[in-house]
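Structural overview
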Amino acid sequence: STGRGKLCWLKRAVDADMQYYYKLEGSYCGDVVTGVRHGTGVMQHSQSGTQYQGEWKNGIREGLGLMVYDSGEGAEGEEREHRYIGSFSANQRHGEGVLCYRSGNKYAGSFCKGLRHGPGQFHW
């Protein structure tokens with residue numbers, strides 16, 4: 001199965017309309033190659049409300065993308081993340097990008113394995 005379609009994670013069934021169902025993960029609309037996300041598409045997670053729009057490779061976030069965090073992520077007392085736009089590798093922020101926080105603060109710079117790393121600027 002190659003082409004564009006919509007994946008809705010619900011209960012592991014596949015139909016002729018390229019609708020894929022997996023338990024409680026969310027929905028995906030975009031390119032699919034041999035049954036996995038590959039190319040460009042949008043993933044909306046049903047529980048967290050987090051949305052990723054961008055490039056996929058073999059079912060993982062890889063390349064340029066935009067991640068919008070619905071509820072904000074971070075430990076209690078930490079500043080909550082709002083959105084990230086930039087490079088992804090192995091499902092993590094990796095390379096150059098901009099991370100915006102709910103407070104309006106912003107970090108623009110390098111990321112390594114999901115964390116701020118290397119040169120960058122923090123704006124508040």
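Residues numbered from 1 in each chain as written. Predicted model: local features only at pLDDT ≥ 70, side-chain atom pairs only at ≥ 80, totals over all residues. Heavy atoms only, no water.

**Focus: the pattern of salt bridges**
In the structure shown here, the tally under the stated rule is one salt bridge. Glu 81 is paired through a salt bridge with Arg 93; the nearest N and O atoms lie 3.2 Å apart. Here Arg 93 lies in strand S8 (residues 92-101) and Glu 81 lies in strand S7 (residues 81-89), a separation of 12 residues in the sequence. We note that Glu 81, like Arg 93, is buried. (Salt bridge = Lys/Arg side-chain N within 4 Å of Asp/Glu carboxyl O. Helix = DSSP H or I, 4+ residues; strand = E, 2+ residues; numbered from the N terminus. Buried < 20%, exposed > 50% of the residue type's maximum accessible area, 1.4 Å probe, protein only.)

**Structural notes on the packing of aromatic side chains**
The full count for this structure, using the stated rule, is eight aromatic pairs. With 6.2 Å between their ring centres and 35° between their planes, Phe 122 and Trp 124 make a pair best called tilted. Residue classification places Trp 124 among the exposed residues on the basis of a relative accessible area of 79%. These aromatic residues form a ring-pair network of at least three members: Tyr 28, Tyr 52, Trp 56, Tyr 84, Phe 88, Tyr 107 and Phe 111. Directly above the aromatic system of Tyr 28 lies the positively charged group of Arg 37, at a separation of 5.9 Å from the ring centroid. The ring of Tyr 52 is capped by Arg 61, whose NZ or CZ atom sits 5.6 Å from the centre of that ring. (Phe/Tyr/Trp six-rings, centres within 6.5 Å; stacked < 30°, edge-to-face > 60°. Lys NZ or Arg CZ within 6 Å of the ring centre and 35° of its normal.)

**Some remarks on the confidence of the model for the chain**
Averaged over all residues, the pLDDT of the chain equals 81, while 73% of them reach at least 70. This stretch, residues 10-23, has a pLDDT under 50; its non-local contacts, to residues over four places away or in other chains, come to 37 contacts. (pLDDT = per-residue confidence, 0-100. Contact = heavy atoms within 4.5 Å.)

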